[in-house]
Amino acid sequence: MSSNNTPSTIEKTARRVWKSAQMFIAFHKDQDKRHREEPKFWPPKNGNASIHGDPANQEALVVVKSADPEKSQDVQIKLHPGRIVVRRDADVWWQGVAVDEHSVTVRMADNTIIEVRHDGSVKRRSAEDETHVEADGSIFKWTEHAEAHMTGDGVELTRRTEDRIAAITADGVVDRSRKR
């Protein structure tokens, strides 16, 4: 809350999106160690849970309920020993976010994957193309039709297609056939 006890814009938005959160332990195997088709959810009485070493057996998670009953966009926050996974069943926007020691990875509803790594580099992969922005600012782009690269300082640009290569460098411009 702000100093005058009026909710901030962020607080107002958060109230409209989410209504409740509850912690659960999800047991993925029964007492005989057989895999369950659907996990058994158990709410710990004290709201405290250990993070199991193998999430395929047992997971600690928080289910955040949507405030809008027309949209079942509930979110699960899964707590694993090496990462935190936030997921939802969504037809648009993001479906999952995984945070680990070295990166944050987002899966979009169209199966595009965006990864922000510890060094500031970003990778974006989709069915149509792949783009990397390296920590030094250089950019690599691959599509079905071409490969492109720009150095971090913007001085050099290259583009390769099946039959041509073009480059802009500090020394000039090159544009030639790849098949000589």
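Provided above is the structure to which this section pertains.
Residues numbered from 1 in each chain as written. Predicted model: local features only at pLDDT ≥ 70, side-chain atom pairs only at ≥ 80, totals over all residues. Heavy atoms only, no water.

Q: Would you mind going over the pattern of salt bridges with me for this structure?
A: A side chain with one charge can pair with a side chain of the opposite charge if their charged atoms come near. Evaluation of the coordinates by the stated rule reveals 10 salt bridges. In this structure, the salt-bridge partner of E59 is K78, at a minimum N-O distance of 3.8 Å. Note that E59 is positioned in strand 3 (residues 58–66) and K78 in strand 4 (residues 75–79), a separation of 19 residues in sequence. We classify E59 as buried; its relative accessible area is 6%. Members of the salt-bridge network, linked through shared partners, are D30, D32 and R34. (Salt bridge = Lys/Arg side-chain N within 4 Å of Asp/Glu carboxyl O. Helix = DSSP H or I, 4+ residues; strand = E, 2+ residues; numbered from the N terminus. Buried < 20%, exposed > 50% of the residue type's maximum accessible area, 1.4 Å probe, protein only.)

Q: Sorry if this is basic, but what is going on with the packing of aromatic side chains here?
A: Aromatic ring pairs are described here by two measures, namely the spacing of the ring centres and the angle between the planes. In total, this model carries two aromatic pairs according to the counting rule given. Measuring from ring centre to ring centre gives 5.8 Å for F24 and F41, while their planes differ by 75°; the resulting arrangement is edge-to-face. With F24 in strand 1 (residues 18–29) and F41 in strand 2 (residues 35–42), this residue pair connects regions lying 17 residues apart in the sequence. Exposure remark for F41: the relative accessible area of 39% places this residue in the partly exposed category. (Phe/Tyr/Trp six-rings, centres within 6.5 Å; stacked < 30°, edge-to-face > 60°.)

Q: Got a minute to help me understand the pairing of strand 4 in this structure?
A: If a strand is regular, its side chains alternate between the two faces of the sheet. Bridging between strand 3 and strand 4 involves five bridges; their strand directions are antiparallel. When the bridges of strand 4 are listed, V64 appears paired with V75. Sheet analysis places strand 4 next to strand 5 (residues 83–87), joined by four bridges and oriented antiparallel. Across the sheet, I77 pairs through a bridge with V86, a residue of strand 5. Hairpin geometry of strand 4 and strand 5 is characterised by an intervening segment of three residues between the two adjacent antiparallel strands. (Pairing = 2+ DSSP bridges.)

Q: Even after reading the chapter, I still don't get a positive patch on the surface, so can you show me in this structure?
A: A surface patch of positive charge is lined by R160, R176, R178 and K179. Along the chain, the position of K179 falls in the segment after strand 15 (172–177). (Patch = residues over 30% accessible without salt bridge, like charges linked within 9 Å, V, L, I, M, F, W, Y side chains within 5 Å. Areas by Shrake-Rupley, 256 points an atom, 1.4 Å probe, with all protein chains shown as cover. Lys, Arg positive; Asp, Glu negative; His and termini not counted. Charge placed at Lys NZ, Arg CZ, Asp CG, Glu CD.)

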